[in-house]
Amino acid sequence: QPLMALCERWFQATISLCLRCLHQLSNMPHEMIDGLLVQARGLLAKAYGDLGHLYANTGRFTKAMTHSKQGIELFNATKDKFHAAKLQLWLCRLQLRLALQSPGGKAVEEALGLVQGLSAATTAEDAGCAQVVIGLQKATKDLEATFDSKKSGDEDEDTDDSTQAAPPAGSRKAGEESTTE
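To keep things clear, this report deals only with the structure shown in the data block. Fair warning: this is a prediction, and the values are worked out from it, not measured in the lab.

1. Some details on the side chain of Glu8
Positionally, Glu8 belongs in helix H1 (residues 3–25). Among the polar contacts made by the side chain of Glu8, one reaches the side chain of Tyr55 at a distance of 3.3 Å. If we skip the residues at most four places from it in the chain, Glu8 touches Leu51, Leu54, Tyr55, Arg60 and Lys63.

Here it is as structure tokens:
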């Protein structure tokens, strides 16, 4: 089999195994699996991204976009907003690249008229760019929400530490017995 077909199958198998792993881990206590969940989600995200790139690099743009949309839904369903937003940004870049390509297959750099705001854009280019802008706004909002929640979580931890008063020097904690008595 050609190398690209083998790579596609390997990525699909990796995605399938990661999903099974996440399913199995969901039945275990969170104290035991936090690190494993992070690793499984990271591997799933990498496999999804790599498979999408493989589709795009081999000219299967519709398949790449469909795959990315499914990945975004999956990551949102598993409460992984960061990887959903990251995949959304990649999808937007792909859509923008496709919207800016002329029918002759010229590069994006040759379509600078649209990027610079000239009125040379076709309706298809306008629609493609509008779709990308909506996707970028959603991805940016999700990323900001993710970072804000992490930032507030860090502040909460700092606040908890600063509000706890240290016991006076030489005092005993509750339940400790003096060794000199």
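2. Concerning the side chain of Gln95
Among the secondary structure elements, Gln95 is positioned in helix H4 (residues 81–100). Contact partners of Gln95, with chain neighbours within four places excluded, come to Met65, Lys69, Gln131 and Val132.

3. Side note on the pattern of salt bridges
What the rule picks out here adds up to three salt bridges. In this structure, Lys63 and Glu8 form a salt bridge, with 3.7 Å as the shortest nitrogen-oxygen distance. With Lys63 in helix H3 (residues 61–77) and Glu8 in helix H1, this residue pair connects regions lying 55 residues apart in the sequence. Lys63 gets classed as partly exposed once you look at its relative accessible area, which sits at 39%. With its nearest N and O atoms 3.0 Å apart, the salt bridge here joins Lys46 to Asp50. Residue Lys46 and its partner Asp50 are both found in helix H2 (residues 30–57); the two are separated by four residues, about one turn of the helix. Judged by relative accessible area, which is 51%, Lys46 ranks as exposed. The exposure class assigned to Asp50 is partly exposed, which follows from its relative accessible area of 26%. One continuous salt-bridge network, built from bridges that share partners, spans Glu8, Arg60 and Lys63.

Rules used throughout
- Residues numbered from 1 in each chain as written.
- Predicted model: local features only at pLDDT ≥ 70, side-chain atom pairs only at ≥ 80, totals over all residues.
- Heavy atoms only, no water.
- Helix = DSSP H or I, 4+ residues; strand = E, 2+ residues; numbered from the N terminus.
- Polar contact = N/O pair within 3.5 Å; in protein donor to acceptor, adjacent residues only side chain to side chain.
- Contact = heavy atoms within 4.5 Å.
- Salt bridge = Lys/Arg side-chain N within 4 Å of Asp/Glu carboxyl O.
- Buried < 20%, exposed > 50% of the residue type's maximum accessible area, 1.4 Å probe, protein only.

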